[in-house]
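# Inside the fold
Take a look at the letters that make up each chain.
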Amino acid sequence: MNLLTLSDVTVRAGGSLILDRISLSIDPGEIVTIVGPNGSGKTTLMRTILGAMPVSGGTITTRPGLTIGYVPQKLPLDGSLPLTVARFLALPHRHSPKKIAGALKLAGLPDIGDRQLSALSGGQMQRALLARALLSEPDLLILDEPTTGLDQQGEAGFYRRIEMVRDKRGCAVLMVSHDLHVVMAASDRVICLNGHVCCHGTPASVASAPEYRALFGHGTGGALALYRHDHDHEHHGHSHSHD
Ligand SMILES: Nc1ncnc2c1ncn2[C@@H]1O[C@H](COP(=O)(O)OP(=O)(O)OP(=O)(O)O)[C@@H](O)[C@H]1O
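Residues numbered from 1 in each chain as written. Predicted model: local features only at pLDDT ≥ 70, side-chain atom pairs only at ≥ 80, totals over all residues.

Take the domain arrangement of the chain next. The domain boundaries assigned to the chain delineate domain 1 (25–56 + 138–235) and domain 2 (78–137). Of the residues forming the side of domain 1 that touches domain 2, the biggest block, five residues, is contributed by helix H5 (residues 152–169). (Domains from an automatic or database assignment. Helix = DSSP H or I, 4+ residues; strand = E, 2+ residues; numbered from the N terminus.)

Encoded structure:
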């Protein structure tokens, strides 16, 4: 059964139509990325899936008992508060030190629990937010523009980490990106949004679709090549391809 299915979901706000009959589904273990220009409704779509935005039409169906882990774009707290990484991960739910250490390790931040949050780099902060989302052992991880502010190598590293998490945990991943960079190559499936679903499919098929090119031009070839070039780790137990 799909983890999540949207059928003809329409969202209106402030008198305008923001999402127009969106239909999509997410299967267990797949990495799906939503791309689209500014204002195309990506954040609204994530908020709708998370239940923070009412639908005006259509239906959202989730698998019974589905657990979602949400990785916000930014720290949802004042970053200058004195707080260690481990304390932050223990809020608002208590978790054992062993579980916190395991989540930090999986997120690529071993031995950092005692560090102050304010001392983390942008890339480390994203991984700390990822570790926090992993503590709920989600079936579906949702990330809203997780690599904002990272350089292209930082982005590639973060998306490789996401794939590693998916391979180890078997969770599905739904990500949003306002730009293309390396995210498409890290995905099994890409959905191109512009109020409605313009096109969807494998990264390569979307990158060559006329609807996508009308929105973004031809500029993704370099980023796709960069990701493939950097992508030298092995996958275990999950068959998918980046070609
Ligand atoms: N609560 C709201 N009330 C009225 N209009 C809204 C509301 N939320 C979003 N919008 C409008 O809906 C459109 C889509 O916004 P959204 O933030 O979902 O786009 P986005 O694709 O995430 O954009 P960006 O890439 O710039 O982050 C915008 O025109 C925005 O102004």
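For helix H3 (residues 97–106), the complete set of buried residues consists of Ile100, Ala103 and Leu104. Axial view of H3: buried residues confined to an arc of 100°, hence all on one face. Of the surrounding elements, those touching the buried residues of H3 are helix H2 (85–89) and helix H4 (122–134). Backbone geometry just downstream of H3 places Gly108 in the positive-phi region, at approximately 90°. (Buried ≥ 20, exposed ≤ 12 C-beta atoms within 10 Å, placed from the backbone. Arc of directions from axis to C-beta. Contact = placed C-beta atoms within 7 Å.)

It is worth spelling out the packing of H4 against H5 at this point. For any two helices packed against each other, one specifies the crossing angle of their axes together with the interaxial distance. Where H4 contacts H5, the axes come no closer than 11 Å and their chain directions differ by 15°. By the angle between their axes, H4 is roughly parallel relative to H5. Considering how the two elements wind past one another, H4 and H5 form a crossing that is right-handed. Residues Gly123, Gln126, Arg127 and Leu134 of H4 form the contact with H5, whose own contacting residues are Gly154, Phe158, Arg161 and Val165. Taken together, the residues that form the contact of H4 with H5 break down as three nonpolar, three polar and two charged. (Axes fitted to C-alpha atoms, helices over the stretch in contact; angles between N-to-C directions. Parallel < 35°, antiparallel > 145°, perpendicular 65-115°, else oblique. Left-handed = near helix turned anticlockwise from the far one by under 90°. Nonpolar A, V, L, I, M, F, W, Y, C, P; charged D, E, K, R; others polar.)

Residue pairs three or four apart in sequence face the same way in an α-helix, which turns once every 3.6 residues. Residues of helix H1 (residues 42–49) that are buried include every one of Lys42, Leu45, Met46, Thr48 and Ile49, and no others. Buried residues along H1 cover an arc of 160° about the axis, so they all sit on one side. Of the residues trailing H1, Gly51 is marked for its positive phi of about 85°.

Now for the pairing of strand E3 (residues 31–35). Buried residues dominate E3, accounting for five of its five residues. Alternating positions in E3 separate into two faces, Ile31, Thr33 and Val35 on one and Val32 and Ile34 on the other, with burial throughout. In the sheet, E3 pairs with strand E7 (residues 172–177) via five bridges, with the strands oriented parallel. Bridging across to E7, Ile34 finds its partner in Val176. Here E3 runs beside strand E8 (residues 189–194); their pairing, made up of four bridges, is parallel. Residue Ile34 lies in a different strand from E8, and its bridge partner there is Ile191. (Pairing = 2+ DSSP bridges.)

Our next topic: the sheet that holds strand E9 (residues 196–201). Ordered by their spatial adjacency, six strands build an open sheet running E5-E6-E7-E3-E8-E9, and the pairing between neighbours is mixed. In this open sheet, the two strands that pair with only one neighbour each are strand E5 (68–71) and E9. Across the sheet, the axes of successive neighbouring strands diverge by a mean angle of 20°, strand direction being ignored. Pairing analysis gives five bridges linking strand E6 (residues 140–144) to E7, with the strands arranged parallel. Of the residues in E7, the one forming a bridge with Leu140 is Ala172. Here H1 sits on the sheet in contact with E3, E6, E7 and E8, set at roughly 145° to E6. Set on the sheet, H4 makes contact with E5 and E6; between it and E5 the angle comes to about 165°.

On to the sheet that holds strand E2 (residues 16–26). The antiparallel open sheet is built from three strands, whose spatial order is E2-E1-E4. Each end of this open sheet is capped by a strand with a single partner; those strands are E2 and strand E4 (57–62). Here the strands of the sheet are splayed against their neighbours by 25° on average, with no regard to which way each runs. Pairing of strand E1 (residues 4–13) with E2 involves seven bridges; the strand directions are antiparallel. Following the sheet pairing, Leu4 is matched in E2 by Ile26. Those strands touched by H1 are E1, E2 and E4, and its axis lies near 60° from that of E2.

Before going further, it helps to spend a moment on unusual backbone geometry. Here Asp111, not a glycine, exhibits a phi torsion of approximately 60°, which is positive. Along the chain, Asp111 turns up in the loop between H3 and H4. What makes Asp111 exposed here is the crowd of 9 C-beta atoms within 10 Å. The backbone of Glu145 shows a phi angle near 45°, a positive value even though the residue is not glycine. Note that Glu145 resides in the loop between E6 and H5. The partly exposed category is assigned to Glu145, around which 19 C-beta atoms lie within 10 Å.

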